[in-house]
Amino acid sequence: MFSPDGKLVASGSYDNTVRLWDTATGGLCGVLEAHSDFVNAVAFSPDGKLVGSASRDNTVRLWDPTGGSCGVLNGHSAYVNIVVLSPDGKLVASASNNTVRLWDTATGGSCGVLEGRSSHASAVVFSPDGKLVASAIYDNTIRLWDTATGGSCGVLEGHLDRVRAVVFSPDGKLVASASDDNSVRLWNPATGVSCGVLKGHSDYVRAVVFSPDGKLVASASNDHTVRLWDTATGGSCGVLEGHLGRGNAVMFTPDGKLVASAHGKIVGLWDVTQRTTIGEIHTGQIKDLVCDATKLDTGQRMLTLTSLLPPLLHVTGEWVTWDSKKVLFLPLDYRPCAYAVNDNILVMGHPSGSITFMSFDLTALALQFSHLLSPTQGGIYSSLLFLQIITRIPYATQSLVSIYATSVC
Amino acid sequence: MNEVMLNKEGVLGICPRLLELAYDARRFILHNRSIIESAPLQVYSAALLFTPESSIVRKQYLKRIPWILMEPKVIQKWSPLIQTLEGHSDSANAVVFSPDEKLVASASSDSTVRLWDTATGGSCRVLEGHFNWVRAVVFSPDGKLVASASNDNTVRLWDPATGGSCGLLDGHLDFVTAVVFSPDGQLVASASNDNTVRLWDTATGGLCGVLQGHLGWVRAVVFSPDGKLVASASDDRTVRLWDTATGGPCGVLEGHSDWVNAVVFSPDGKLVASVSSDCTVRLWDTATGASCRVLEGHPIPVIAVVFSPDGTLVASASYDATVRLWDPAT
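Residues numbered from 1 in each chain as written. Chains lettered and ligands numbered in written order. Predicted model: local features only at pLDDT ≥ 70, side-chain atom pairs only at ≥ 80, totals over all residues.

### Observations regarding the overall build of chain B
Okay, so step 1: When helices and strands are tallied, chain B shows five helices and 25 strands.
Okay, so step 2: Relative to its full complement of 330 residues, chain B shows a buried share of 38%. (Helix = DSSP H or I, 4+ residues; strand = E, 2+ residues; numbered from the N terminus. Buried ≥ 20, exposed ≤ 12 C-beta atoms within 10 Å, placed from the backbone.)

What follows is the structure in structure tokens.
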């Protein structure tokens, strides 16, 4: 889980610890030890000053990310699976197999309990203003609570099977839920009324998310697709199809231009406007997708988002191209049989076995060449991975005739 | 510029730095010919950037390019490679100078023969007509004709001055692998995978003889220096000698234990050298057909052989990546 400023990642572990990592260096910067059993979930408060952890030892603990313990929340009588902090950092919601609890972070006191046969939650989420908590319950409903009173303020009923995920829209005026009944539903949390049933998936919907502007919803399903929906009309506005396997998590980048979806061990990346795939990244088993402006966390591996975005530099035939514009002619001996691009660095491997490194000033390139028309727009999303060989240019080195000087002056 | 540079008695001769500059400028132009031709504005970036570091032209004109932070590492000095002739779209299989050295002809798997200006590296002609790989290309002794052999089972004759076709020698039943003019230029001999060597009249394009006897693909064919004999090398492990005038067999040189890949006469015509996939070079007496010497050393198949012009050395080339020099006398 990223800290709100993106500088830290907190990870909960089966070694009973919460570990904090520096995203810039990848180095470990803290080990929070106190739980006596597996840590199932961790969360940051929005101001980044508090970390909450949920454990199999039936407790929730609060921590200062600089290293200290701030308290233990005792009350659950079973493994705690979910922990979330309210937007203002004053409340914690946690869920165990039979209760959902609300706590005051300042005092550690309980502010509310939802108990009973029908209170096994698969997801718990605060509304953006912190006034509501929505929990997806295994009885096919979503329950809404008023955080001020700790009392229930609505039940969203309509799904025909288990609800797997629930999210608020960025403005808090809509709730989206994903269910095993193959549908996504939109709700008005103020009235508890359903605003739309988004049908199209042909298998369980595992994850749902709003775009940053709230205009789109993306859902990932066991039917291997990611679907985009218009929140205003409830209509389908695109199916992102690949061969990536069952989708279990989905995420918009903060600029809303890309969708990342998790399919087992593969992250799929999609261009939202074009509705096209940009590529796929093979990683470890993905637990969850978390994304900030520059990084994508799969729970296993952190990926730098700039390296996931298609680089503008390429080698096309005899040319180094920038944004599809011819920039530098490569003499034959300097044409690559393989090349890699990392942002502004171009590395070319030649048939002779030699390697050429070049780096470019991307700002200066933009100044110099952006006025030129691109010969072909699109089709530039061909490479993704940092310093991996991204393409091979087949050409026969034998189809050349060389004249050698018998003496050099 | 070539003529100016060769005239060392003149202005350049008394001013070494000017001579150096002229040499460097010539190398720069030849080296960057394809850039200058296809993208002239790149002279100020790509051409200078990829020119060897010690080049005077580079030092004089290469300014920092604002959008390049790290320049590519390039070689320090001009290498012996003057120029790379780009144009063929598939493997170049054979290359030969014209007798006056003004032209280079190249045969390619792209079905064409290309003629190039030796001085400038410019493409002069593209000889199009074959419809399969061109395996071999030769100039006639007077330089007025080019012959090419192709996997389309034909030999074609061309006028290098105009690029026009001068004849289609059609008759082989399989790939033509080698072609050669007789020393007087009146005959063309061609070797084929149809196990024959054929002799053709250069002037009329008519078939003069089919030299039959080999039991495998014929890989090489040469005339003796006096033109009276033809030697051919075959996958049937033999070299055969033939009478040019009658087309009749004059000898079967047996001894190799694998394919014979190339054959050549010594400059005086008294010896025949052959190389084989059996890893040996063999020397034979032309008159008797007897084996004179077996030169062993290459660990894997030998593919080419030549005599030095004075006949005192034999050079052999092998897939072992070596060229070996042999004394044919000892």
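### Topic: unusual backbone geometry
If a residue is not glycine, its phi is most likely negative; likewise, a peptide bond is most likely trans.
Okay, so step 1: The phi torsion at Ser324(A) lies on the positive side, around 70°, for a residue other than glycine.
Okay, so step 2: Within the secondary structure, Ser324(A) is located in the loop between β32 (319–322) and β33 (325–329).
Okay, so step 3: Classification of Ser324(A) by C-beta neighbours within 10 Å gives partly exposed; the count is 18.
Okay, so step 4: At Ala321(B), a position not held by glycine, the phi torsion is positive, near 75°.
Okay, so step 5: Position of Ala321(B) relative to the elements: it lies in the loop between β24 (314–318) and β25 (323–326).

### Regarding the interface of chain A and chain B
Okay, so step 1: Listed as interface residues are 25 residues of chain A and, on the opposing side, 33 residues of chain B.
Okay, so step 2: Of all the secondary-structure elements, those providing two or more residues to the side of chain A that touches chain B are β33, β36 (355–360), α2 (362–369) and β38 (401–404) of chain A.
Okay, so step 3: The greatest single-element share of the side of chain A that touches chain B, amounting to five residues, is contributed by β36(A).
Okay, so step 4: Grouping the amino acids of the side of chain A that touches chain B by side-chain chemistry returns 18 nonpolar, six polar and one charged.
Okay, so step 5: Across two bridges, the pairing between β36(A) and strand β1 (residues 68–70) of chain B is antiparallel. Considered in β1(B), the bridge of Ser359(A) is made with Met70(B). (Contact = placed C-beta atoms within 7 Å. Nonpolar A, V, L, I, M, F, W, Y, C, P; charged D, E, K, R; others polar. Pairing = 2+ DSSP bridges.)

### Some details on the sheet that holds β32(A)
Residues and elements named next belong to chain A.
Okay, so step 1: With antiparallel pairing, the three strands of this open sheet are ordered in space as β31-β32-β33. A single partner strand is all that each edge strand has here, and the edge strands are β31 (313–316) and β33. Pairs of neighbouring strands in the sheet enclose a mean axial angle of 35°, with direction left out of account.
Okay, so step 2: When β31 meets β32, the two strands line up antiparallel, connected through four bridges. Looking at the pairing, histidine 314 lines up with threonine 321 of β32. (Axes fitted to C-alpha atoms, helices over the stretch in contact; angles between N-to-C directions.)

### Remarks on the pairing of strand β10 (residues 165–170) of chain B
Residue and element names in this part refer to chain B.
Okay, so step 1: Both strand β9 (residues 154–158) and β10 contribute to a ladder of five bridges, which runs antiparallel. Within the sheet, the bridge partner assigned to threonine 154 lies in β10 and is aspartate 170.
Okay, so step 2: Counted along the chain from β9 to the antiparallel partner β10, the turn is six residues long, and its residue glycine 163 has a positive phi close to 80°.

### Structural notes on helix α2 (residues 16–31) of chain B
All names here are of chain B.
Okay, so step 1: When the terminal C-alpha atoms of α2 are compared, their 22 Å separation across 16 residues agrees well with the 22 Å that a helix rising 1.5 Å per residue should span.
Okay, so step 2: Every buried residue belonging to α2 is among Asp24, Arg27, Phe28 and His31, and all of these are buried. Down the axis of α2, the buried side of the element spans an arc of 100°, and every buried residue falls inside it.
Okay, so step 3: Buried residues along α2 sit in contact with α5 (56–61) and β2 (81–85). (Expected span 1.5 Å × (residues − 1). Arc of directions from axis to C-beta.)

### With respect to the nonpolar core
Okay, so step 1: Counting 82 residues, the largest nonpolar core has Val83(A) and Val259(A) as its most contacted members.
Okay, so step 2: Not counting residues up to four positions away in its chain, the partners in contact with Val83(A) are Ala41(A), Val42(A), Ala43(A), Gly52(A), Ser53(A), Ala54(A), Val60(A), Val92(A) and Ser94(A).
Okay, so step 3: Counting residues in hydrophobic clusters, the runner-up holds 59 residues, among them Leu103(B), Leu157(B), Phe181(B) and Val239(B). (Core = buried A, V, L, I, M, F, W, Y, C linked by C-beta atoms within 7 Å.)

### Considerations on the environment of Ala304(B)
All names here are of chain B.
Okay, so step 1: Position of alanine 304 relative to the elements: it lies in strand β23 (residues 302–307).
Okay, so step 2: Overall, alanine 304 belongs to the partly exposed group, with 14 C-beta atoms counted inside 10 Å.
Okay, so step 3: The spatial distance from the C-alpha of alanine 304 to the C-alpha of serine 318 is 7.0 Å, given a sequence separation of 14 residues.
Okay, so step 4: Other than its neighbours up to four places away in sequence, alanine 304 contacts Ala262, Val275, Ser316 and Ala317.

### Remarks on the sheet that holds strand β15 (residues 152–156) of chain A
Residue and element names in this part refer to chain A.
Okay, so step 1: Strand order across the open sheet formed by four strands is β12-β13-β14-β15, with antiparallel pairing between neighbours. Every other strand in the sheet has two partners, leaving β12 (121–126) and β15 as the edge strands with one partner each. Averaged over neighbouring strand pairs, the angle between their axes works out to 20° when direction is ignored.
Okay, so step 2: The pairing of strand β14 (residues 142–146) with β15 spans four bridges and is classified as antiparallel. From the neighbouring strand, tryptophan 145 faces β15, where its bridge partner is serine 152.

### Side note on the pairing of β36(A)
All names here are of chain A.
Okay, so step 1: Burial along β36 is one-sided: the residues Thr356, Met358 and Phe360 are buried and none of Ile355, Phe357 and Ser359 is.
Okay, so step 2: For strand β35 (residues 345–349) and β36, the ladder comprises five bridges, and the chain directions are antiparallel. Each bridged residue has a counterpart across the sheet, and for isoleucine 345 the counterpart in β36 is serine 359.
Okay, so step 3: The antiparallel pairing of β35 with β36 creates a hairpin that spans five residues between the two strands, and glycine 353 there sits at a positive phi of about 100°.

### A closer look at the environment of Cys279(B)
Residues and elements named next belong to chain B.
Okay, so step 1: One can find cysteine 279 in the loop between β20 (271–276) and β21 (280–285).
Okay, so step 2: Cysteine 279 sits 21 residues away from isoleucine 300 along the chain, and the two C-alpha atoms are 5.2 Å apart.
Okay, so step 3: Once you skip the residues sitting within four places of it in the chain, cysteine 279 turns out to touch His298, Pro299, Ile300, Pro301 and Val302.

### Considerations on the confidence of the model for chain B
Okay, so step 1: Summarising the model, chain B shows a mean pLDDT of 92, and 96% of its residues fall at 70 or more.
Okay, so step 2: Taken over the whole predicted complex, pTM reads 0.57, whereas the ipTM for its chain interfaces reads 0.74. (pLDDT = per-residue confidence, 0-100.)

### Concerning the confidence of the model for chain A
All names here are of chain A.
Okay, so step 1: Averaged over all residues, the pLDDT of chain A is 76; the fraction at 70 or higher stands at 78%.
Okay, so step 2: The least confident element of chain A is strand β37 (residues 391–392), whose mean pLDDT is 28; the most confident is strand β17 (residues 175–179), at 93.
Okay, so step 3: Here residues 374–409 scores under 50 on pLDDT; set against residues more than four positions off or in separate chains, the count is 72 contacts.

### Looking at the environment of Cys166(B)
Residue and element names in this part refer to chain B.
Okay, so step 1: Within the secondary structure, cysteine 166 sits in strand β10.
Okay, so step 2: Its 17 C-beta neighbours within 10 Å are what place cysteine 166 among the partly exposed residues.
Okay, so step 3: As for cysteine 166 and glycine 205, which are separated by 39 residues in sequence, their C-alpha atoms are 8.6 Å apart.
Okay, so step 4: What cysteine 166 contacts, discounting residues up to four positions off in sequence, is Leu145, Leu157, Trp158 and Asp159.

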